[in-house]
Each structure stands twice: as structure tokens, then as C-alpha cells.
Amino acid sequence: METIQIITKRKDEFVDITKDVSKILNQAGIDSGICIIYCTHTTAGLTINENADPSVKKDIINYLNKAIPEGEGYSHIEGNSDSHIKASIFGSSLNVIVEGGRLVLGTWQGIYFCEFDGPRSREVCVKIIKG
Amino acid sequence: METIQIITKRKDEFVDITKDVSKILNQAGIDSGICIIYCTHTTAGLTINENADPSVKKDIINYLNKAIPEGEGYSHIEGNSDSHIKASIFGSSLNVIVEGGRLVLGTWQGIYFCEFDGPRSREVCVKIIKG
Amino acid sequence: METIQIITKRKDEFVDITKDVSKILNQAGIDSGICIIYCTHTTAGLTINENADPSVKKDIINYLNKAIPEGEGYSHIEGNSDSHIKASIFGSSLNVIVEGGRLVLGTWQGIYFCEFDGPRSREVCVKIIKG
């Protein structure tokens, strides 16, 4: 297992970690299998989405903030229940298939760490299983 | 890794691919492990849900279209940000456990490709890991 | 593959199964790999979220019930389409990385079975892949 360190700068932010994950795969030298990407935080998540037009990330974040408003009548004392809800909806892990020593991603797919309660110092774990 | 080709006919459509995935598993002849199903697109996703009453699919699609409206003030120039949002909420991969050479699905569970920006020609990747 | 039996008491309820999954891992005696947790139901799901303040679970459940109302104009004859929608949004499987014979969970992370149509008798499958 390897880890990727991430420092986020805003409350809501999608950080492209595709190159970091690819680098870990290259170093592992595994030709065929699966790559598991895991977020150890409860107010952040992971997603795979468009890697070309950055306005897609912006539209997703704006939608989430409208659909899951911050600080509206939550009982959790820290007041960040909106971030926990987003984390559960996006999920804490991703699978990507490995073939020919590369991540099998679509042309327009990038791997994103999704900060929902930043700015913070965060960590993502990556594990590659041969098979 | 094997691929399943899908041609969708509507903007929003859930296509049952359970038989296609089972066929790939049968051909692989793997008795125990996990099956990873992966969608290489950013405006489509995957889910496991009811395989009996087709009105469940209809209710899910109707709900999504109400909760995530098409073309409402998105900044992405292609205008299909609603499809990208749905893709991130549903996710791009599924895991199903393999035991006794079969997919461990519940009685009422089917595996669905979820088109959110059709009609289009699509592809789903399937990888089986022995273990 | 091992199974965890769960009896839920309310329509919507998050049941902490972290200890059950850890116990299965300990009995398997696998040092490194991944752990797949799978829900065989179509009106329930799984999530990883806060294990400390129980009000987080309450806030997530309240949010879902507000965003996805029960019995509002669904066509599915059983009338529980809200539960099916929640199941697809949360997802039916989780991955957790295994290192040093332990689940790699963040400090505040617990593994939850999410009942969306209880009370019912439920089952969760756990499979550990060495690697």
C-alpha cells in the first residue's frame, strides 16, 4: 500500500490525483489486476469524472452545495454534516482495472480526491492487487 | 479483461447487463474471487438494483431528473453537467463477489448500465480476480 | 466468503458492522489484500462514515428522507421506491484495504449497513482477497 498526501485550499475542491495513482502503479510494476484507491476521511470522498473542461468540477460542486446546504438544522455539534452527507454519497473508495501495466480509464476520465470540508491536510491510500 | 458493448436509445436508460457479466464469468472459469465491472464514460454509471418490476428503474430515473435538472445554469459548455453529476453520484465501478463459479447477487438484484446522456454507443469493462 | 446477519428495527437505520468485518478478517488470517463488503438487498446499502458522534448518522438519515420523500408519486407497486433510490445512491459494495492483518480505516471511520426499508432481517457478505 502506498499513500498520496494532499493539501486542499478551499472548503469544496476536487484535486486530480490521476498522475499520482499512475506513478504508484508504474513503481509497482504490476501488469494486470485492479487498483483500489481509498480515502481515510469522513468529510471527503473520491470520484472519477471529466478531465478536460474544469467547469464540470465546478458544476458538480455547485450542485452539491445547492442540494446539500451547509449548516441547515443539523444536530452534529461540529456543524459539518453537509460534508459527511457528501462523503457518503460519493463514497470512500474507487476501483480501476489494470491491463498492460496501465490504468484502464476512459479518454475523458480523471481520478479526483473530493474535499468537502477543507482546507485540510489529507491522505489517500492506493493498493494494487495482481490478478 | 473483457468488454460489453451497449447501444442506448434514450437520454436516460438503465440497461440490464447481468447476463453479459455472468457469461464473461462462465467463460473465465473462475470459482472464487471478485468481479469488477467498470464504466469508462463520464456521463454514465453503474448500479445494482431491482430486477423484477421495471417501474423501479423508471422511478429512479424520474427522481434523478427531478433532483438534478437538465440544462439549469451549468457553466460546462457542452450543457450536459446533469449527466456528469449523476455519473459521480452513481459511480463508475461495481464489485460483485464470486463463489462457486457464480456471481453472489441477491434474489432481486440485477446489474445495470446507467445511461445519463444517450443515445450513445457505450462500453463496460469486466475483470475477474481469483482469490 | 462469510456472512453477517443483521436485524433492523426501524425503517431507516445505520448499523455499525465494523467489529463484525474485523472479526472475519482476523479469522481469515490474511495479512495483506482487500476486503469486499457486499449487500445483497435492493432497499439497503453500505457506507463508511463517522464512528464517534451518533448525530452524524441521524443527520444523514434526516437529509435523505427530506431529499427522497417516501411514497410521493412513484409507480412501483410496493410503494418503496424511495428505498431503492437511496440504495443506488449509497451503493451495494465497499472496499477496504488490508495491511498488517488489519482493515485500513481512518481514525473516525466506521463501516455501516444502511437500512432504508426496515424493519427487516438482512445479510451482508464479506470476501477477503489476498494480494
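Here we summarise the structure given alongside this text. (Residues numbered from 1 in each chain as written. Chains lettered and ligands numbered in written order. Predicted model: local features only at pLDDT ≥ 70, side-chain atom pairs only at ≥ 80, totals over all residues. Heavy atoms only, no water.)

**Concerning the relation of the copies chain A and chain C**
Put simply, the rule is: What sets the superposition is a least-squares fit of C-alpha atoms, and only residues with pLDDT of at least 70 in both copies go into it. The contact definition used throughout considers only heavy atoms, calling two residues in contact when any of these lie within 4.5 Å.
Overlaying chain A with chain C gives an RMSD of 0.0 Å, the required rotation being 120° about an axis along which the chain moves by 0.0 Å. The superposition operator between the copies reduces to a three-fold rotation axis. Taking C-alpha positions as reference, the residue of chain A nearest the rotation axis is Ile89(A), located at 3.6 Å. The two copies present different faces, since only 14% of the interface residues in chain A are matched by interface residues at the equivalent positions in chain C.

**Some thoughts on the interface of chain B and chain C**
In plain terms, the rule: A quick way to say it: buried area is the sum, across both parts, of accessible area lost when two parts are put together, with a 1.4 Å probe. Definition used for salt bridges: Asp or Glu carboxyl oxygen within 4 Å of a side-chain nitrogen of Lys or Arg. Pairs of N or O atoms are called polar contacts if they sit within 3.5 Å, as long as, within protein, a hydrogen donor faces a hydrogen acceptor (for residues adjacent in sequence, only side-chain-to-side-chain pairs). Secondary structure elements are defined from DSSP: runs of H or I of at least 4 residues count as helices, runs of E of at least 2 residues count as strands, and each element is numbered from the N terminus.
Each side of the interface is counted separately: chain B has 29 residues, and chain C has 27 residues. Taken over both partners, the interface formed by chain B and chain C buries close to 2300 Å², and the fraction arising from carbon and sulfur atoms is 57%. Together, Tyr63(B), Asn95(B) and Ile97(B) form the three largest contributors to the area buried by chain B at its contact with chain C, with a combined 27%. There are one salt bridge connecting chain B and chain C. Linking chain B with chain C are 16 residue pairs in polar contact (both at pLDDT 80 or more), by the criterion used here. For the side of chain B that touches chain C, the elements supplying multiple residues, two or more each, are β3 (33-39), β4 (44-50), α2 (55-67), α3 (81-90), β5 (93-99) and β8 (121-130) of chain B. When residues of the side of chain B that touches chain C are assigned to their parent elements, the largest contribution, six residues, is made by α2(B).

**A closer look at the interface of chain A and chain C**
Inclusion rule: Three classes are used: nonpolar for Ala, Val, Leu, Ile, Met, Phe, Trp, Tyr, Cys and Pro, charged for Asp, Glu, Lys and Arg, and polar for all others, with Gly counted as polar.
Contacts between chain A and chain C engage 28 residues on the former and 29 residues on the latter. Considering only the side of chain A, the residues that lose the most area to chain C are Tyr38(A), Ser88(A) and Lys127(A), jointly responsible for 24% of the buried surface there. If you look at where chain A meets chain C, you find one salt bridge. A salt bridge links Lys127(A) to Glu99(C); the nearest nitrogen and oxygen atoms lie 2.9 Å apart. Joining chain A to chain C, the criterion identifies 16 residue pairs in polar contact (both at pLDDT 80 or more). Of all the elements in the fold, those that place two or more residues in the side of chain A that touches chain C are β3 (33-39), α3 (81-90), β5 (93-99) and β8 (121-130) of chain A. Ranked by residue count, the leading element in the side of chain A that touches chain C is α3(A), at six residues. For the side of chain A that touches chain C, a count of residues per class yields 16 nonpolar, eleven polar and one charged.

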